[in-house]
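Spelled out, the chains give:
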Amino acid sequence: MKQSNNIKVITRFAPSPTGEIHIGGARTALFAYLFSKHSGGDFLLRIEDTDRERLVEGSDQRIIDSLNWLGIAADNQNKPMIQSERLDIYKKYTLELINSGKAYICTCTKEELEKEREAQIKKGLAPRYSKKCRSQISDLKISEELLEKGATVRLKMPESGKIIVDDLIRGKVEFDASLLDDQIILKSDGFPTYHLASVVDDHEMGITHVIRSDEWLPSTPKHLVLYQAFGWQEPDFAHLSMILDADKKKLSKRHGAKSILEYKEQGYLAEALINYISLLGWNPKSERELFGLEELVKEFELRNVHVSPAVFDQVRLDFFNEHYLREKNIEELKELIGQYPDEALKLIQRGGYATANIARDYLDKLFKGPEYGASLLVFKKSNREATLRGLKGVLGEIKGDKGEQGGGRDNEGIVWTDERLQSILSGVVEREGLSNGDVFWPVRVALSGEEKSPSPLELMLALGKDVVVKRIEEAIGKLG
Ligand code: GLU
């Protein structure tokens, strides 16, 4: 290992502000966060905005909002490093490399390069830069002038041998140096390429561990050459395998993956996403699957991240979300879902609702009033006459009921409890000589309009006396 053990760990998340953070980006950020916090280190944010054509206005702020909401804010979140503010610094380092003969100015025109490319392709060769400008003199003064006018600068890559990336997740990965092009590090518009900017910044930020997606693995040998050219200690690298969708295709914006803020808007909970995403590639080495952020910080190890790609599974994400939704207390549910009566929100705590929005839709529908056909009121082992008797019996009891003190829902002074309602409904069954299906079933349908729903007692508590009376009257009307 390149880093000594007693050094403070500093990781970073380095998104390009070209849009929202999706599941993949969130996982990269989370793993970098967990790894640093596991040893009390820092987690830093850097905005990589050097590709000016792909910038999306406001996305840097939305990236910060996403990290905040997930609860994994960067330590420098109020003042992240922003690459476009550092052009002078990249230029200074580029001149340093030119001066030491590690990089050179390339004066080839676009047309020349294009011609070269076409000729190589015609011959069946992989297109590469001919290195024509590699032997140009590296006079600092002339170089400075050329850079001022806008020149391209290339890095001198070794022409033979192997470059070995010692990756913390995938071990030693070998690259054949002769196959790597002399990479452009500074563009004629004065902006650095990703390679130069990322190495300079990781060095200046004191990054000890670069944790990023494996799409950057092929760039890493170029980065190693840059570290060497500067004479800097390189960080450790950990490249995370990609996340696939259900069809085993790369998970992408186009293939169903929503942005983190879209999940938020749809009623997903940050703790559910964190828990779910943590398991995309990380193996806790136990049967346990529920982890809060603090526990993840404690348990997370890079060596338990596997090389094989993780597969995104919406059903499992919903499972986690339902779990964490069920765990919310009434006050939290009011925040998340809306100002419904406590007894109504207790229905959500019983589970069965994948997201806060689904739960809200359910309660909205429940309070708006059921729509159903009269035949649904009659239980399969019952008949119209018995059903009517049951409903009328319950209506009579409830209308006259004054409730009791303590527990349950307070509806204009009426206090209901589960037990009280149970004994009212059972009392009707007994007195009228009916079966449970003649009473409990139609009351439940009258209140919910559904074949399957929470129990009649839960619905009565949730809706309160006034609504219950009205809906049972409507049901009687439908049958009558
Ligand atoms: N800007 C790159 C991205 O958005 C980051 C690459 C890196 O972490 O080095 O994926």
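Look up a bit, the structure's there.
The residue numbers shown here count from 1 along each chain, following its written sequence. Where totals are concerned, whole chains, interfaces and linings use all residues; where local detail is concerned, this predicted model gives features only for residues with pLDDT of at least 70, and gives and counts side-chain atom pairs only at 80 or more. With hydrogens and water set aside, each side-chain value is computed from the structure's full complement of heavy atoms.

### A look at the overall build of the protein
Working step 1: Secondary structure elements follow DSSP: runs of H or I of four or more residues count as helices, runs of E of two or more count as strands, with numbering from the N terminus. For the protein, the count of helices and strands is 19 helices and 14 strands.
Working step 2: Against the 2.2 N^0.38 benchmark of 23 Å for 480 residues, the protein shows a C-alpha radius of gyration of 32 Å, more extended than a compact globule.
Working step 3: Contact definition: two residues touch when any of their heavy atoms are within 4.5 Å. The long-range share in the protein, meaning contacts at least 24 apart out of those at least 6 apart in sequence, stands at 74%.
Working step 4: Of the roughly 23,200 Å² that the protein leaves accessible, carbon and sulfur atoms contribute 48%.
Working step 5: Across the protein, the centroid of the 69 positively charged side chains sits 4 Å from that of the 77 negatively charged ones. Each radius of gyration reported is based on C-alpha atoms, and the globular scaling rule is 2.2 Å times the count of residues to the power 0.38. Only the protein chains shown count as cover for residues, and the accessible areas themselves come from Shrake-Rupley with a 1.4 Å probe. Charge counting follows a simple rule: Lys and Arg are positive, Asp and Glu are negative, and His as well as the terminal groups are ignored. Charged side chains are reduced to one point each, which is NZ for Lys, CZ for Arg, CG for Asp and CD for Glu.

### Notes on the layout of surface pockets
Working step 1: Here a cavity means grid points, on a 1 Å grid over the protein atoms only, where a 1.4 Å probe fits yet cannot get out; a pocket means an open set of points with protein on both sides within 12 Å along at least five of seven lines; lining residues are those with an atom within 4 Å of a point. Grid points are joined across faces, edges and corners, and a volume is the space filled by probe spheres set on the points. Taken as a whole, the largest pocket holds about 1,400 Å³ of empty space.
Working step 2: Along the wall of the largest pocket there are 45 residues; nearest its centre are Ser16, Arg54, Ser213, Glu215 and Trp216.
Working step 3: Listing elements by their share of the lining of the largest pocket, those giving two or more residues are β1 (10-13), α1 (23-38), α6 (194-204) and β9 (209-213).
Working step 4: Looking at which element gives the most residues to the lining of the largest pocket, the answer is α1, with five residues.
Working step 5: Charged means Asp, Glu, Lys or Arg here, nonpolar means Ala, Val, Leu, Ile, Met, Phe, Trp, Tyr, Cys or Pro, and polar covers whatever is left, Gly included. Here the lining of the largest pocket is built from residues that sort into 16 nonpolar, 15 polar and 14 charged.

### Quick word on helix α7 (residues 220-230)
Working step 1: For every residue, the accessible area obtained with a 1.4 Å probe (protein chains only) is divided by the maximum for its type, and the residue is called buried under 20%, exposed over 50%, and partly exposed between those limits. Burial runs high along α7: 10 of the 11 residues are buried.
Working step 2: Every buried residue of α7 is accounted for by Thr220, Pro221, Lys222, His223, Leu224, Val225, Leu226, Tyr227, Ala229 and Phe230.
Working step 3: Positive backbone phi, at 75 degrees, marks glycine 231, one or two positions downstream of α7.

### Quick notes on the site of the ligand
Working step 1: Close to the ligand lie Arg12, Ala14, Pro15, Ser16, Glu48, Tyr194, Arg212 and Trp216, which account for all nearby residues.
Working step 2: One nitrogen or oxygen atom from the side chain of arginine 212 is found 2.9 Å from an oxygen atom belonging to the ligand.
Working step 3: We define a polar contact as two N or O atoms separated by no more than 3.5 Å, with the added condition that, inside protein, one atom must be a possible hydrogen donor and the other a possible acceptor, whereas residues neighbouring each other in sequence contribute only through side-chain atom pairs. In this structure, tryptophan 216 approaches the ligand through a side-chain N or O atom, which is 3.2 Å from an oxygen atom.
Working step 4: In this scheme, a molecule is assigned to a cavity or pocket if more than half of its atoms are within 2 Å of the grid points. Applying the majority rule of atoms within 2 Å of the grid points places the ligand in the largest pocket.
Working step 5: Residues of the shell around the ligand, tallied by class, amount to four nonpolar, one polar and three charged. Throughout, near means a residue has at least one heavy atom within 4 Å of the molecule or strand.

### Description of the nonpolar core
Working step 1: Ranked by size, the top nonpolar core spans 101 residues in total, and within it Ile23, Ile277, Ile337, Leu363 and Met460 carry the most contacts.
Working step 2: Per element, the largest residue contribution to this core is nine residues, and it comes from α1.
Working step 3: Beyond its immediate chain neighbours, meaning those up to four positions away, leucine 363 contacts Ile337, Tyr340, Ala344, Leu345, Leu347 and Ile348.
Working step 4: Buried residues of nine kinds, namely Ala, Val, Leu, Ile, Met, Phe, Trp, Tyr and Cys, make up a nonpolar core once their side-chain atoms join them within 4.5 Å. Core analysis: the second largest hydrophobic core is formed by 39 residues, Ile98, Met157, Val225 and Trp232 among them.

### Some words on the environment of tryptophan 232
Working step 1: Looking at the element boundaries, tryptophan 232 is found in the loop between α7 and β10 (236-240).
Working step 2: A relative accessible area of 14% places tryptophan 232 in the buried class.
Working step 3: Separated by 32 residues in sequence, tryptophan 232 and valine 200 have C-alpha atoms that sit 9.7 Å apart.
Working step 4: Only 3.4 Å separates the side chain of tryptophan 232 from the side chain of histidine 203, close enough to count as a polar contact.

### Remarks on the pattern of salt bridges
Working step 1: Here, a salt bridge means any side-chain nitrogen of Lys or Arg that lies within 4 Å of a carboxyl oxygen of Asp or Glu. Tallied over the full model, the rule gives 35 salt bridges.
Working step 2: A salt bridge links aspartate 181 to arginine 128; the nearest nitrogen and oxygen atoms lie 3.8 Å apart. Within this pair, whereas aspartate 181 is found in the loop between β7 (171-176) and β8 (184-186), its partner arginine 128 is found in the loop between α4 (110-122) and α5 (140-149), the two being separated by 53 residues in sequence.
Working step 3: Arginine 128 sits in the partly exposed class, given a relative accessible area of 25%.

### A few points about helix α17 (residues 436-448)
Working step 1: Helix span is expected to be 1.5 Å times the residue number reduced by one. Here α17 is 13 residues long and its end C-alpha atoms lie 18 Å apart, about the 18 Å a rise of 1.5 Å per residue gives.
Working step 2: Most of α17 is tucked away: 12 of the 13 residues are buried.
Working step 3: For α17, the set of buried residues is Gly437, Asp438, Val439, Phe440, Trp441, Pro442, Val443, Arg444, Val445, Ala446, Leu447 and Ser448.
Working step 4: Immediately beyond the C-terminal end of α17, within one or two residues, lies glycine 449, with a positive phi of roughly 75 degrees.

### Looking at the packing of aromatic side chains
Working step 1: Note on aromatic pairs: the rings of Phe, Tyr and Trp (six-membered ring only in Trp) are paired at centre separations within 6.5 Å, and the planes decide the class, stacked below 30 degrees, edge-to-face beyond 60, tilted for the rest. Applying the stated rule across the entire model yields 15 aromatic pairs.
Working step 2: Plain terms: the ring middles of tyrosine 276 and phenylalanine 320 are 6.1 Å apart, the flat faces sit at 50 degrees to each other, and that makes the pair tilted. Linking tyrosine 276 in helix α9 (residues 270-278) with phenylalanine 320 in helix α11 (residues 314-326), this pair joins segments that are 44 residues apart in sequence. Residues tyrosine 276 and phenylalanine 320 agree in their burial class; the two are buried.
Working step 3: Between the aromatic rings of phenylalanine 379 and tryptophan 441, the centroid separation amounts to 5.3 Å while the plane-to-plane angle is 50 degrees, which identifies the pairing as tilted.

### A look at the sheet that holds strand β4 (residues 103-106)
Working step 1: The strand order across the open sheet formed by three strands is β4-β5-β8, and the pairing between neighbours is antiparallel. Lying at the two open borders of the sheet, with one neighbouring strand each, are β4 and β8. The average undirected angle you get between the axes of adjacent strands in this sheet is 45 degrees.
Working step 2: Note on pairing: DSSP must find at least two bridges between two strands before they are called paired. As judged from the four bridges shared by β4 and strand β5 (residues 152-155), these two strands associate in the antiparallel manner. Bridge pairing in β5 links tyrosine 104 to arginine 154. Every axis corresponds to a line fitted to the C-alpha atoms, with the helix fit spanning only the stretch in contact, and the corresponding angles, defined between N-to-C directions, vary from 0 to 180 degrees.

### Quick look at the environment of serine 188
Working step 1: By secondary structure assignment, the location of serine 188 is in the loop between β8 and α6.
Working step 2: Note: C-alpha distance between serine 188 and glutamate 148 (40 residues apart in sequence) is 9.3 Å.
Working step 3: Leaving out residues up to four positions away in the same chain, serine 188 has contacts with Gly150, Ala151 and Thr152.

### What about the packing of helix α15 (residues 384-400) against α17?
Working step 1: Close contact between α15 and α17 brings their axes to 8 Å; oriented N to C, the two are set at 70 degrees. One element, α15, and the other, α17, form an angle in the roughly perpendicular class. Touching Ala386, Thr387, Gly390, Leu391 and Val394 of α15 are Asp438, Val439, Pro442 and Val443, all from α17.
Working step 2: Class assignment for the residues of the contact of α15 with α17 results in six nonpolar, two polar and one charged. Just so you know how the angles are binned, under 35 degrees is roughly parallel, over 145 roughly antiparallel, 65 to 115 roughly perpendicular, and the rest oblique.

Any functional reading would require information beyond the geometric quantities listed.
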